[in-house]
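Fold and geometry: a report
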Amino acid sequence: MTNHVLSARATVMRDLEATGAASAETVSLLEDAVAERRWWAEQWPAGEAYVGGLVAQDLQDALLQRVGRWPVCPRCDDAVHALYIHPELGGPDPVWVCEESGTVVAPLGGLTGGLTGGA
């Protein structure tokens, strides 16, 4: 199970880096989310397909409280709304979806530059 948790961390970190949101604070929040999900994954080994999406959701919640929405939708002009992880339970095969249109933007770990956090 540790491999799935480490893989989830790496995948979410790719999205933080791609969006220019990787800072000491956000990486610390990511580490907190990973630690929480490591415990969760140990309790429910069959849930390994959900770990990546759940780590991303946990990080989004933490960032919203500290720095604002992340990641902001790149598809809508002048967007201030975020992307969200689909399916809601975080897996299997989680993707980032536009909060407004419901359009799939990228797989988890597949965001590209130009996306940023917002207020």
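Residues numbered from 1 in each chain as written. Predicted model: local features only at pLDDT ≥ 70, side-chain atom pairs only at ≥ 80, totals over all residues. Heavy atoms only, no water.

Of regular secondary structure, the chain possesses three helices and three strands. When the elements of the chain are put in sequence order from the N terminus, they spell out α-α-α-β-β-β. For the chain, whose C-alpha radius of gyration is 13 Å, the value lies close to the compact-globule estimate of 14 Å for 119 residues. Each principal axis of the C-alpha distribution contributes one length, and for the chain these read about 40 × 30 × 20 Å. The buried share of the chain, taken over its 119 residues, is 44%. At a minimum sequence separation of 6, the contacts of the chain that also span at least 24 residues come to 55%. Of the roughly 6300 Å² that the chain leaves accessible, carbon and sulfur atoms contribute 50%. Side chains of the chain give 7 positive and 16 negative charges; the mean places of these two sets differ by 4 Å. (Helix = DSSP H or I, 4+ residues; strand = E, 2+ residues; numbered from the N terminus. Rg over C-alpha atoms; globule rule 2.2 N^0.38 Å. Buried < 20%, exposed > 50% of the residue type's maximum accessible area, 1.4 Å probe, protein only. Contact = heavy atoms within 4.5 Å. Areas by Shrake-Rupley, 256 points an atom, 1.4 Å probe, with all protein chains shown as cover. Lys, Arg positive; Asp, Glu negative; His and termini not counted. Charge placed at Lys NZ, Arg CZ, Asp CG, Glu CD.)

Its 16 residues give helix α3 (residues 51-66) an end-to-end C-alpha distance of 23 Å, which sits within 8% of 22 Å, the value for a rise of 1.5 Å per residue. If you check which residues of α3 are buried, you get V51, G52, G53, L54, V55, A56, Q57, L59, Q60 and L63. Phi for G68, located one or two positions after α3, is positive at around 120 degrees. (Expected span 1.5 Å × (residues − 1).)

Further remarks concern the layout of surface pockets. Estimated volume of the largest pocket: approximately 160 Å³. Q57, Q60, D61, L64, R69, W70, A82, L83, Y84 and E99 together form the lining of the largest pocket. Of all the secondary structure elements, the ones that give two or more residues to the lining of the largest pocket are α3 and β1 (83-86). (1 Å grid on protein atoms, 1.4 Å probe; cavity = no way out; pocket = protein on both sides within 12 Å on 5 of 7 lines; lining within 4 Å. Points joined across faces, edges and corners; volume = space filled by probe spheres on them.)

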